[in-house]
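So you can see what is in the structure, the chains are spelled out below.
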Amino acid sequence: MKRCLVTGGAGFIGSHLVDLLVSEGNDVTAYDNLSAGNPKNVHPKAKLTEGDILDFAALSKSMDGMDYVFHLAALPRIQPSFDDPELHDRINVLGSLRVFEAAKKARVKKLVFSSSSACYGTPETVPTPETAMISCMNPYALQKYTAEQYLLMLGERFGVPVVSLRYFNAYGPRSFNEKDRFSAYSSVIGIFKRQKDSGQTLTITGAGLQRRDFVHVFDIARANWLAAQSEVAGEIFNIGCGEAYTILEIAKTIGGPSTHIPERLGEALITQADISKAARVLGWKPQLTLAQGLQTLND
């Protein structure tokens, strides 16, 4: 049994990671300020500590004695990061530095950071490997990349094992929160599903020809657990499915009437992961196809 702390543990991905860690027999604490997370998401066998990652004292106290720390707390939306880049920078960059300092103080065995494929922008190489050129198209991407590089650099300097996971487009149960514009991962699948369930028309951005690699939250949680248990440190891994679908294809799969809304600037034309490194080094591959993953939204 390991003692694990998950920042953002009441949120979309964080709560599913908490579920997995509990199922593996670990002692788990979800650390969340509940700005976007929901206490109802937290597994009853896990401890919920309400706190902010900018509050070093509270964070450090909660992290004391932890073996593994999974840092998922963030403001993860692209368009809102343009509207208030300073707020997003404080949470996504400064907050990550506070997490690192607390992890260093607690002498944790592994810090697993949730990064983003957004740092690749519209890549020249598809599928895109971890060695691809960085081309941030929005403040959120720049912040996640900056935080990732800080943690890897400081981890090497101070002997804190750090692994960074660059998620592609996460989807799955608990992904959509219509009451919170900063809600984690209100991605197109979650939005389409909510629109269909409420009898609304599906809203397709632009022509809908953007291609996206969608990875299910269950697979992301498993990647975090494998990364924590591995002997690897100072490495970056793509976490995606390795396949890309157009937004039009997703709308057709979800079903129902649709309409087009203006294109949004600052978003990539295509995301598609080369996941060979994660398979080779971590022994991780996605287990759910898109069709199987969409079915979990109805369970």
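Residues numbered from 1 in each chain as written. Predicted model: local features only at pLDDT ≥ 70, side-chain atom pairs only at ≥ 80, totals over all residues. Heavy atoms only, no water.

### Considerations on helix H5 (residues 139-158)
For H5, spanning 20 residues, the distance from its first C-alpha to its last is 28 Å, which sits close to the expected 28 Å at 1.5 Å a residue. Taken together, the buried positions of H5 are occupied by Pro-139, Tyr-140, Ala-141, Gln-143, Lys-144, Ala-147, Glu-148, Leu-151, Leu-152, Leu-154 and Gly-155. The inward-facing, buried residues of H5 contact helix H3 (78-83), helix H4 (85-106), strand S5 (110-116), strand S6 (162-167) and strand S11 (235-239). Once H5 ends, the next one or two residues include Gly-159, with phi positive near 75°. (Helix = DSSP H or I, 4+ residues; strand = E, 2+ residues; numbered from the N terminus. Expected span 1.5 Å × (residues − 1). Buried < 20%, exposed > 50% of the residue type's maximum accessible area, 1.4 Å probe, protein only. Contact = heavy atoms within 4.5 Å.)

### With respect to the packing of aromatic side chains
As enumerated under the stated definition, the model contains four aromatic pairs in all. Taken together, a centroid distance of 6.4 Å and an interplanar angle of 80° make the contact between Tyr-68 and Phe-70 edge-to-face. In this structure Phe-70 comes out as buried when scored by relative accessible area, which is 0%. An aromatic cluster is present here, built from Tyr-68, Phe-70 and Trp-225 joined pairwise through their rings. Against the face of Phe-158 rests Arg-157, its NZ or CZ located 5.0 Å from the ring centre. Over the face of the ring belonging to Phe-237 we find Lys-277, whose NZ or CZ atom lies 4.9 Å from the ring centre. (Phe/Tyr/Trp six-rings, centres within 6.5 Å; stacked < 30°, edge-to-face > 60°. Lys NZ or Arg CZ within 6 Å of the ring centre and 35° of its normal.)

### Examining the sheet that holds S6
Taken in spatial order, the seven strands of this open sheet run S3-S2-S1-S4-S5-S6-S11, and their pairing is parallel. Every interior strand has two partners, whereas the edge strands, strand S3 (47-50) and S11, have only one. Averaged over all pairs of adjacent strands, the angle between their axes in this sheet comes to 20°, without regard to strand direction. With four bridges joining them, strand S4 (residues 68-71) and S5 adopt parallel strand pairing. Within S5, the residue paired with Val-69 across the bridge is Leu-111. Where H4 meets the sheet, it contacts strand S1 (3-7), S4, S5 and S6, and its direction lies at approximately 170° from that of S5. Relative to S5, H5 is tilted by about 160°, and along the sheet it contacts S5, S6 and S11. (Pairing = 2+ DSSP bridges. Axes fitted to C-alpha atoms, helices over the stretch in contact; angles between N-to-C directions.)

### Comments concerning the environment of Glu-130
By the element assignment, Glu-130 lies in the loop between S5 and H5. You can call Glu-130 buried: its relative accessible area is 14%. Each C-alpha atom, one on Glu-130 and one on Phe-237, is 6.6 Å from the other, the two residues being 107 residues apart in sequence. Discounting residues that sit within four places of it in the chain, Glu-130 has contacts with Tyr-120, Arg-166, Ile-236, Phe-237, Asn-238, Asp-274 and Lys-277.

### Focus on the environment of Ser-187
Residue placement: Ser-187 occurs in the loop between strand S7 (169-171) and helix H6 (188-197). The class for Ser-187 is buried, based on a relative accessible area of 15%. As for Ser-187 and Gly-172, which are separated by 15 residues in sequence, their C-alpha atoms are 9.7 Å apart. Residues contacting Ser-187, with those up to four places away along its chain left out, are Ala-170 and Tyr-171.

### Some points on the pattern of salt bridges
Summed over the entire model, instances satisfying the criterion amount to nine salt bridges. The salt bridge partner of Lys-109 is Asp-67, with a shortest N-O separation of 2.7 Å. Placement of the pair is Lys-109 in the loop between H4 and S5 and Asp-67 in the loop between helix H2 (56-63) and S4, with a sequence separation of 42 residues. With a relative accessible area of 47%, Lys-109 lands in the partly exposed category. A salt bridge links Asp-197 to Lys-193; the nearest nitrogen and oxygen atoms lie 2.6 Å apart. Taken together, the residues span about one helical turn, with Asp-197 and Lys-193 both in helix H6 at a distance of four residues. (Salt bridge = Lys/Arg side-chain N within 4 Å of Asp/Glu carboxyl O.)

### Focus on the state of the cysteines
Under the criterion given, the structure shown has zero disulfides. Cysteine Cys-136 shares no disulfide, and the gap to the nearest cysteine sulfur, in Cys-119, comes to 6.0 Å. (Disulfide = S-S within 2.5 Å.)

### Some details on H2
Considered for burial, the residues of H2 that qualify are Leu-59, Ser-60, Ser-62 and Met-63. Here the buried residues of H2 occupy an arc of 165° about the axis, which is enough to place them on one side. Opposite its buried face, H2 presents the exposed residues Ala-57 and Lys-61, each directed more than 90 degrees away. In the core, the buried residues of H2 are packed alongside S1, strand S2 (27-32), S3, S4 and H4. Gly-65 sits one or two positions beyond H2 and adopts a positive phi of about 85°. (Arc of directions from axis to C-beta.)

### Topic: the side chain of Asn-138
Looking at the element boundaries, Asn-138 is found in the loop between S5 and H5. Taking the relative accessible area as the measure of exposure, Asn-138 reaches 5% and is therefore buried. Only 2.8 Å separates the side chain of Asn-138 from the backbone nitrogen of Ala-141, close enough to count as a polar contact. Those residues in contact with Asn-138, other than ones at most four positions away along the chain, are Ile-78, Ser-81, Phe-82 and Gly-266. (Polar contact = N/O pair within 3.5 Å; in protein donor to acceptor, adjacent residues only side chain to side chain.)

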